[in-house]
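# Working through the structure, step by step
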Amino acid sequence: MASGMGVNENCVKRFNELKLRKTLSWIVFKIQETEIVVEKEGKGDIKEFMAALPKDDCRFGVYDWGSKIQFVLWCPDSAPVKPRMTYASSKDALSKRLDGVAALALEAHDLSDFETKA
């Protein structure tokens, strides 16, 4: 199921800076109306990235592990059903625009899903 969600060009620009220039360690994206936009970004570790994810709402994110860049679909079980469905159906719209992350997707529902990575 495709959502038809647009991806703001700043998402691609900031991702390329993370990927090529290594100026960032992570980026959190959110859906704003009918477009995916950058919400937050940082240079910190995985714990800082995890802290940037909302407790009761969905987000997309990318985290640079050094040897690979992980794409994350954050859909906590406490999030309402509609955002969970919207984010799940919009994942491909963003991951296809971020060159090199599609094969490295993680779907996280709880912060413990990151424990094997941290």
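Cut-offs used in this document
- Residues numbered from 1 in each chain as written.
- Predicted model: local features only at pLDDT ≥ 70, side-chain atom pairs only at ≥ 80, totals over all residues.
- Heavy atoms only, no water.
- Pairing = 2+ DSSP bridges.
- Helix = DSSP H or I, 4+ residues; strand = E, 2+ residues; numbered from the N terminus.
- Contact = heavy atoms within 4.5 Å.
- Axes fitted to C-alpha atoms, helices over the stretch in contact; angles between N-to-C directions.
- Salt bridge = Lys/Arg side-chain N within 4 Å of Asp/Glu carboxyl O.
- Buried < 20%, exposed > 50% of the residue type's maximum accessible area, 1.4 Å probe, protein only.

Pairing analysis gives 2 bridges linking strand β1 (residues 6–7) to strand β3 (residues 35–42), with the strands arranged parallel. The residue bridging G6 from the neighbouring strand is E35, located in β3. Relative to β3, strand β2 (residues 26–32) is paired through 7 bridges, and the arrangement is antiparallel. When the bridges of β3 are listed, W26 appears paired with G42. Hairpin connection from β2 to β3: 2 residues lie between these consecutive antiparallel strands, with E33 at a positive phi of about 60°.

This part covers the sheet that holds strand β5 (residues 69–74). Spatial strand order, β1-β3-β2-β4-β5-β6: 6 strands in an open sheet with mixed pairing. Unpaired on one side and paired on the other, β1 and β6 (105–108) mark the two borders of the sheet. Here 6 bridges tie strand β4 (residues 59–64) to β5, and the two strands are oriented antiparallel to one another. For Y63, the partnering residue across the bridge sits in β5 and is Q70. With respect to the sheet, helix α1 (residues 9–21) is in contact with β1, β2, β3, β4 and β5, its orientation differing from that of β3 by roughly 35°.

All right, on to the pattern of salt bridges then. According to the stated counting rule, one finds 7 salt bridges in the structure shown. Note that R14 and E17 form a salt bridge whose closest N and O atoms lie 2.5 Å from each other. With R14 and E17 both in helix α1 and 3 residues apart, the pair spans about one turn of that helix. In terms of burial, R14 and E17 fall into one category: buried. Taking the shortest distance from any N to any O, the salt bridge between R59 and E39 comes out at 2.7 Å. Remark: E39 occurs in strand β3 and R59 occurs in strand β4; sequence separation between them is 20 residues. Note on E39: relative accessible area 27%, which makes it partly exposed. Via salt bridges that share partners, R14, E17 and E41 belong to a single interconnected network.

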